[in-house]
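Each chain is listed here by its residues.
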Amino acid sequence: MAIVIKELSMDAHDAPIVSSYNDRIRPLLDCVDKLRHLKIAQEGIQLPTIVVVGDQSSGKSSVLESLAGISLPRGQGICTRVPLIMRLKNVPNLTSPELHLEFNGKVVQTDEAGVADDIVLATDEIAGRGKGISHTPLTLTVKKNGVPDLTMVDLPGITRVPVHGQPEDIYEQISNIIMEYITPEESIILNVLSANVDFSTCESIRMSQKVDKTGERTLAVVTKADRAPEGLLEKVTADDVGIGLGYVCVRNRIGDESYDEARVEEARLFQSHPLLSKIDKSIVSIPVLAQKLVRIQANIISKCLPEIVRKINDKLSANMADLNRLPQGLSSVSEALTAFMRILSQAKESLRKILIRGEFEEYPEEKEMHCTARMVEMLNVYSGQVQAYRFNFEGNNNFLMDDVMALEEAKEIGLPNFLPRGAFLSILQKRVKGISPLPRDFVEKFWDYIEGILVKVLMHHSDSYPQLQSSMRRAAQNLIAKKKDRSFEWVVEIIGMEMLADYSCNPEYTTTWNKLMEKEEEFMAILNDASKSSRMKIDGVDVEIGHLRYYKDVVKQAFDLRMRLIAYWKIVMMRLVDSMALHILFSIQKLVNKDMEDEVVADLMAPHGGGIERMLEESPVVAEKRHRLTKSLKLLKESKDVVGNIMDRLMMNSDAC
Ligand code: GDP
Ligand code: MG
């Protein structure tokens, strides 16, 4: 921060404490005061502020009194229990000072004699009559001939140990308030130190060092110079505690001196005291302090204003955009219907993109929403599981045994050499039964996934109408439950068909069977000649067939039967995968094109749905947001006008120069 302070060599007798400099600062300060009055801090925009901190009884209130020339509540314990914003306005030629207090939205006129009592009353009203403290500020405006144009905030003094009647966490409470005021970069910290203490032990020094490490925005006022003149010069010259903006030593009013008498006494003290007179005149006395503060204030304000203008503009446009994004308040059923139809058609379009067309621009980062790709993956997994359920050759000494047994059981009185279909079907049925959980599990998983997608899309498009969302969610869940049931029925049907019927027009069946049957000769030769090795390759697998020599009468038929089964099973597996793919594609199309709409409308219009009129009630969340944004916009616009005016004036002045 580049704050340049020219030290003014000023004669302490130069009362009143003003200079023509004030005239140029006044408009700036008025502008900041207006912004403060508008409570622009609520918008997160910090104002340049001089914040007075200090340990309890260090002399904070006395310093403010000296600057203002009025009496503030003073005494033992904490008197300052709320932030006191003190606005001093120099009004030349004003015969009697004008004072008023503002707090909790009201204005109380007061005068020099009554101000201390009125502050106590106002504090009681803000923070209660006890010893509690509050964040709510109290503003005191003093219009007076000869005061410096300054706005400062007096904060409760830091106390370590709670006194009787104070809350246990008084230290935390006070330090929270102080931190709130001194943390912003825009704050100048006026650290009030009592000359009779070791500065490095001051709590207020510790706190300001936390937020202003280099001390560049900290100014120290050393009070009670009259009480502890010894070593004061050394203390302020050594600057052990790193005060960037320098020290000013003062002597405040004592007892029932008048303010004018106090200034004369102070001047005399620093002029004639053997030790204090050695301190450079540019860093002693209340008038010097006033000059410094006025300059620092002018610097900080002119430095901060452009940034404040920028922040106000940024906030304004951000809030405006937020407000525009809020759903329109609907006022008639036809408006509501239009909005509802828009939501439906938008949801439909999104679903069509992600579920059917494979266009993901609405959800570029969310892999889960790239549905067409995810559906292929799911189908591939399913296909893999189905393929894995192929005929395996049941280990050693089991090959063809199922077929042999089935043929034994299918025996009937009749001519030999007819392959009994009953044997074929009984083995086929066992296999179909074995594979039947796979399609069922698949459709279950598939619809669970689609439910998540559907809910997400519907919620997204209806997020401006939270009152619709429960109905939308319910509709999506009902719809998926129906779809799932429909798919289960379909699975039962296709499994039933595979069990009861055996047909394929696919020539692949005959081709495969013929190819497999080429091995029949070799197979029979092995069985008929016990001297041969009893192993052979069938359908690419090496199998043991020796045990079949005991079943010579049926084994030829069993071989034929098995080869038919192998050839046919390949067709069945393909059919299970292909038909599943067609089934889900068809169901999804139907869901997007028709079912979703039907279900959502049906739920909304159902007796529990509340009908389209529900959309007319603005949701409390949206209403609250609209209210907050409108309020904040009003404040920001007012603030913009305030700074706009002053910026125009500044431009004109600089043109004039
Ligand atoms: P605060 O708690 O920081 O606001 O401190 P006060 O302003 O209430 O001052 C505490 C006490 O110190 C009061 O009794 C003041 O009269 C006294 N005091 C403040 N400044 C001076 C000073 O410069 N010289 C002397 N002798 N007493 C002072
Ligand atoms: Mg005080």
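Everything quoted here is computed from the prediction, not taken from an experiment.

Assigned secondary structure in the protein consists of 18 helices and eleven strands. The C-alpha radius of gyration computed for the protein amounts to 45 Å, which surpasses the reference 26 Å derived for 657 residues by more than 25%, pointing to a less compact arrangement than a globule. With respect to the principal axes defined by its C-alpha atoms, the protein has extents near 145 × 65 × 55 Å. Counting only residues that meet the buried cut, the protein has 50% of its 657 residues in that class. Considering only intrachain contacts with a sequence separation of at least 6, the fraction spanning at least 24 residues in the protein is 79%. As displayed, the protein offers around 32100 Å² of accessible surface, 54% of which is attributable to carbon and sulfur atoms. Considering the protein, the positive charge centre built from 82 side chains and the negative charge centre built from 94 side chains are found 2 Å apart.

Judged by pairing direction, the sheet is mixed, and its nine strands sit side by side in the order E4-E3-E5-E2-E6-E1-E7-E8-E9 without closing on themselves. Every other strand in the sheet has two partners, leaving strand E4 (106-110) and strand E9 (247-249) as the edge strands with one partner each. Taken pair by pair, the neighbouring strands of this sheet meet at an average axis angle of 25°, ignoring direction. Relative to strand E5 (residues 138-144), strand E2 (residues 84-90) runs parallel, the two sharing seven bridges. Bridge pairing in E5 places Leu-84 opposite Leu-138.

Let's shift gears to the pattern of salt bridges. Evaluation of the coordinates by the stated rule reveals 42 salt bridges. Its salt-bridge partner being Lys-106, residue Glu-125 comes within 2.7 Å of it at the nearest N-O pair. Of this pair, Glu-125 sits in helix H3 (residues 115-127) while Lys-106 sits in strand E4, and the two are 19 residues apart along the sequence. Residue classification places Glu-125 among the partly exposed positions, given a relative accessible area of 44%. Of the charged contacts in the structure, one is a salt bridge between Glu-257 and Arg-251, with a shortest N-O distance of 2.6 Å. Both residues of the pair, Glu-257 and Arg-251, count as buried.

With that settled, consider the packing of helix H16 (residues 520-528) against helix H17 (residues 552-605). Following both chains from N to C, one finds H16 and H17 inclined at 160°, their axes separated by 11 Å at the closest point. Between H16 and H17, the crossing angle belongs to the class labelled roughly antiparallel. In this structure, H16 crosses over H17, and the sense of that crossing is right-handed. Residue-level inspection shows Glu-520, Phe-523, Met-524, Leu-527 and Asn-528 of H16 in contact with H17, the latter providing Lys-552, Val-555, Lys-556 and Phe-559. In terms of residue class, the contact of H16 with H17 is built from five nonpolar, one polar and three charged.

The next thing to look at is the side chain of Asp-560. For Asp-560, the position within the fold is in helix H17. With relative accessibility at 14%, the residue Asp-560 sits in the buried group.

Turning our attention to the pairing of strand E11 (residues 541-544). As paired strands, strand E10 (residues 535-538) and E11 are joined by four bridges and run antiparallel to one another. Within E11, the position partnered with Met-536 by the bridge is Val-543. Counted along the chain from E10 to the antiparallel partner E11, the turn is two residues long, and its residue Asp-539 has a positive phi close to 50°.

Further remarks concern helix H5 (residues 203-211). Three or more residues of H5 are buried, namely Glu-203, Ser-204, Ile-205, Met-207, Ser-208 and Val-211. The secondary structure elements touched by the buried residues of H5 are strand E1 (49-54), helix H4 (170-182), strand E7 (187-194) and strand E8 (218-223).

One pass over the full model with this rule turns up eight aromatic pairs. A centroid spacing of 5.9 Å and a plane angle of 50° characterise the contact between Phe-424 and Tyr-568, whose relative ring orientation is tilted. One end of the pair, Phe-424, is in helix H12 (residues 421-435); the other, Tyr-568, is in helix H17, with 144 residues separating them in the sequence. A single burial state applies to Phe-424 and to Tyr-568, both of which are buried. Ring centres of Phe-442 and Phe-446 lie 6.0 Å apart, and the angle between their planes is 20°; on these two criteria the pair is classed as stacked. Of this pair, Phe-442 and Phe-446 are both found in helix H13 (residues 437-461), four residues apart, which corresponds to roughly one turn of the helix. The exposure class of Phe-442 is buried, given its relative accessible area of 7%.

On to the nonpolar core. Generally speaking, a soluble globular protein has its nonpolar side chains buried in company with each other. Counting 99 residues, the largest nonpolar core has Phe-523, Leu-548 and Met-615 as the members making the most contacts within it. Every residue in contact with Leu-548, bar those within four places of it in the chain, is listed here: Phe-399, Leu-400, Met-401, Val-404, Phe-523, Leu-527 and Val-555. Core analysis: the next-biggest nonpolar cluster, separate from the first, contains 63 residues, Val-63, Met-86, Ile-296 and Leu-305 among them.

How each quantity is defined
- All residue numbers refer to position in the chain's written sequence, counted from 1.
- Just so you know, chain letters begin at A and ligand numbers begin at 1, following the order they were written in.
- In keeping with the model being predicted, local features are shown solely for residues with a pLDDT of at least 70 and side-chain atom pairs are shown and tallied solely at 80 or more, while totals for entire chains, interfaces and linings include all residues.
- Remark: hydrogens and water are excluded; side-chain values derive from all non-hydrogen atoms of the structure.
- Under the DSSP-based scheme used, a helix requires at least four consecutive residues in state H or I and a strand at least two consecutive residues in state E, with every element numbered from the N terminus.
- For a compact globule the rule gives 2.2 Å times the number of residues to the power 0.38, and the radius of gyration it is set against comes from C-alpha atoms.
- Burial classes: relative accessible area under 20% of the type maximum marks a residue as buried, over 50% as exposed, and values in between as partly exposed (1.4 Å probe, protein chains only).
- In this description, contact between two residues means that some pair of their heavy atoms is separated by no more than 4.5 Å.
- Exposure was quantified through the Shrake-Rupley algorithm and a 1.4 Å probe, taking into account, for residues, occlusion by the shown protein chains and nothing else.
- Residues counted as positive are Lys and Arg, residues counted as negative are Asp and Glu, and His and the chain ends are not counted.
- Here the site of a charge means NZ on Lys, CZ on Arg, CG on Asp, or CD on Glu.
- For two strands to be treated as a pair, DSSP must find no fewer than two bridges joining them.
- Here the axes come from fitting lines to C-alpha atoms, over the contacting stretch only for helices, and the angles between their N-to-C directions go from 0 to 180 degrees.
- We define a salt bridge as a contact between a side-chain nitrogen of Lys or Arg and a carboxyl oxygen of Asp or Glu at a distance within 4 Å.
- If an angle is under 35 degrees, it is roughly parallel; if it is over 145, roughly antiparallel; if it lies from 65 to 115, roughly perpendicular; otherwise it is oblique.
- Helix crossings are classified by the rotation of the near helix relative to the far one: an anticlockwise turn of less than a right angle makes the crossing left-handed, while a clockwise turn makes it right-handed.
- Gly is put with the polar residues, along with every residue not named as nonpolar or charged; the nonpolar set is Ala, Val, Leu, Ile, Met, Phe, Trp, Tyr, Cys and Pro, and the charged set is Asp, Glu, Lys and Arg.
- Pairing of aromatic side chains requires ring centres within 6.5 Å, counting the rings of Phe and Tyr and the six-membered ring of Trp. Pairs whose planes differ by under 30 degrees are stacked, by over 60 edge-to-face, and all others tilted.
- As used here, the term nonpolar core means buried Ala, Val, Leu, Ile, Met, Phe, Trp, Tyr and Cys residues forming a set that is joined through side-chain atoms within 4.5 Å.

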